[in-house]
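Observations on the three-dimensional arrangement
In case you want the letters, here they are:
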Amino acid sequence: KFEFNPKDGIDNPALSLAEDTDGKGLGEPRFYLLHKDSSETFGFCLHKELGRQGHIIRQVELGGLAQRRGLQDGDRLLQVNGHFVDHMDHSKVVQKIKASGNQVLLAVLDSNTYETAKALGRDLSQMLPTDIRPRLCHITRDKSGFGFSISGPEGAKGTFQLSVRRDGPAERAGLPSGSWLLELNGNSVRSYSHTQLARKLKRSGSKMTLLVASSAAEEFYRLWGLRVTAALADASWLPFKVRKLNMVKGPDGYGFLLKEEDCSSGTTGEFLWEVDAGLPAERAGMREGDRLLAVNGESIEGLNHQETVMRIRAQDKQVTLLVIDSAGDEFYRSVGLGTWYDE
């Protein structure tokens, strides 16, 4: 029996299986979408413990986000944003969670089921659904159009399935035929009629960005009462890419200046300026006006300027920065991806 409290909205806890009296729901993976403010934490720690297998949920903060959603002390983490992590190095799993910024989708298994499955040699990845990530696709119109059509039940709102023309702009942009449309240019289509959607599509001009999900993914999120957002999406098909800059400090330093500046969204960001010719920053590919997203694999979301500077200086002789140019930054923000983008 699934329980869901509509008062808390669809961003709320994973649906509860605790009262499944026939036992079918017991011992199955549980899914939680955690969404926090920049000033908050997710409310738990991830441990690797001597003599115990797996990545273990510990120190679940009383009244914190993780506890409110239903995470329990001793749960084993299996998946982060749709990626199976049980086999990964612990530090990389921690980094993956930090890289998620303010929103992360976790799959966990209770400790008893986990230890029993391990003892039996069970492949834990087989317990989890695959391909549950939505996809973001940016389509540029050509003389024949965008290369897709939309269908849906007559009179129904927000239910739009896509058919993709072979070798057209939509297919080249990575749009899967048969997928379901969730957002258009960063806006949910849930309340749109077919006529309203057609009008919005026409107003998009020569380019549009679609958030779509496969039938399996859409069913997964619907079943668990979780809202599909761009923050969870596979962004690998998008035209704007983050860049990783690996730099070794020279006699004259790295050769750039970090400045905190206001963004059009009303927040502040860290930007890279005064890139000196011939020094490590320029040789690594840094450009004037790049926005800094992460230092040594960890998002700087929520850090102030001084904390960001200290993180860059933490390793005396070398640093790895994740950056994006101003056009890419503006684009990602317009579709709701914030300041961290999947590499």
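Shown above is the structure to which this text applies.
Residues numbered from 1 in each chain as written. Predicted model: local features only at pLDDT ≥ 70, side-chain atom pairs only at ≥ 80, totals over all residues. Heavy atoms only, no water.

A few words now on the overall build of the protein chain. Counting secondary structure elements, the protein chain contains nine helices and 18 strands. Out of the 343 residues belonging to the protein chain, those deemed buried represent 45%. When contacts within the protein chain are restricted to residue pairs at least 6 apart in sequence, those whose partners lie at least 24 apart make up 64%. Here the protein chain has roughly 17700 Å² of accessible surface; of this, 48% comes from carbon and sulfur atoms. (Helix = DSSP H or I, 4+ residues; strand = E, 2+ residues; numbered from the N terminus. Buried < 20%, exposed > 50% of the residue type's maximum accessible area, 1.4 Å probe, protein only. Contact = heavy atoms within 4.5 Å. Areas by Shrake-Rupley, 256 points an atom, 1.4 Å probe, with all protein chains shown as cover.)

On to the nonpolar core, then. If you look at the biggest cluster of nonpolar residues, it comprises 35 residues, and the most contacted ones within it are Phe-31, Leu-105, Leu-124, Leu-136, Phe-220, Tyr-221 and Leu-226. Of all the secondary-structure elements, those providing two or more residues to this core are strand S1 (30-35), strand S6 (103-109), helix H3 (111-119), strand S12 (207-213), helix H6 (215-223), strand S16 (291-295), strand S18 (318-324) and helix H9 (326-334). Apart from residues no more than four positions distant in its own chain, Leu-105 is found in contact with Tyr-32, Leu-33, Gln-79, Val-80, Asn-81, Ile-132, Phe-220, Tyr-221, Leu-226 and Leu-232. (Core = buried A, V, L, I, M, F, W, Y, C linked by side-chain atoms within 4.5 Å.)

The next point concerns the pattern of salt bridges. In the structure shown here, the tally under the stated rule is 15 salt bridges. Two residues, Asp-73 and Arg-58, come together in a salt bridge whose shortest N-O distance is 2.6 Å. With Asp-73 in the loop between helix H1 (65-69) and strand S4 (76-80) and Arg-58 in strand S3 (residues 56-58), the pair connects residues that are 15 residues apart, well separated along the chain. With relative accessibility at 14%, the residue Arg-58 sits in the buried group. With its nearest N and O atoms 3.7 Å apart, the salt bridge here joins Arg-287 to Asp-325. Taken together, the residues Arg-287 in the loop between helix H7 (280-284) and S16 and Asp-325 in the loop between S18 and H9 connect sequence positions 38 residues apart. The partly exposed category is assigned to Asp-325, whose relative accessible area is 25%. A single network of salt bridges, built from pairs that share partners, joins Glu-49, Arg-52, Arg-58, Asp-73, Arg-76 and Glu-115. (Salt bridge = Lys/Arg side-chain N within 4 Å of Asp/Glu carboxyl O.)

Time to look at unusual backbone geometry. In this structure, Gln-59 is a non-glycine residue whose phi angle is positive, near 50 degrees. Even without glycine at this site, Asp-167 takes up a positive phi of about 65 degrees. Locating Asp-167 in the fold gives a position in the loop between strand S9 (161-164) and helix H4 (169-172). On the accessibility criterion, Asp-167 (56% relative accessible area) is exposed.

Near the N-terminus of H3, the side chain that reaches the backbone nitrogen of Asn-112, with its oxygen 3.2 Å away, is that of Asp-110. Downstream of H3 by a residue or two, Gly-121 has a phi angle that is positive, lying close to 75 degrees. (Polar contact = N/O pair within 3.5 Å; in protein donor to acceptor, adjacent residues only side chain to side chain.)

By the secondary structure assignment, Asp-110 is in the loop between S6 and H3. Between the C-alpha atoms of Asp-110 and Glu-28, which are 82 residues apart in sequence, the distance is 8.1 Å. Setting aside residues no more than four positions away along its own chain, Asp-110 makes contact with Gly-27, Arg-30 and Asp-75. At a separation of 2.7 Å, a polar atom in the side chain of Asp-110 contacts the side chain of Thr-113.

Right, let's talk about the pairing of S4 for a bit. Of all five residues that make up S4, five are buried, and the element is covered over most of its length. Summarising the sheet, S4 and S6 pair through four bridges and their orientation is antiparallel. In the strand pairing of S6, Leu-77 is matched with Val-108. The pairing of S4 with strand S5 (residues 83-84) spans two bridges and is classified as antiparallel. The residue bridging Val-80 from the neighbouring strand is His-83, located in S5. Count of turn residues in the S4/S5 antiparallel hairpin: two residues, of which Asn-81 carries a positive phi of about 50 degrees. (Pairing = 2+ DSSP bridges.)

Our next topic: a negative patch on the surface. Taken together, Asp-252, Glu-274, Asp-276, Glu-282 and Glu-288 make up a surface patch of like negative charges. The class for Glu-282 is partly exposed, based on a relative accessible area of 38%. (Patch = residues over 30% accessible without salt bridge, like charges linked within 9 Å, V, L, I, M, F, W, Y side chains within 5 Å. Lys, Arg positive; Asp, Glu negative; His and termini not counted. Charge placed at Lys NZ, Arg CZ, Asp CG, Glu CD.)

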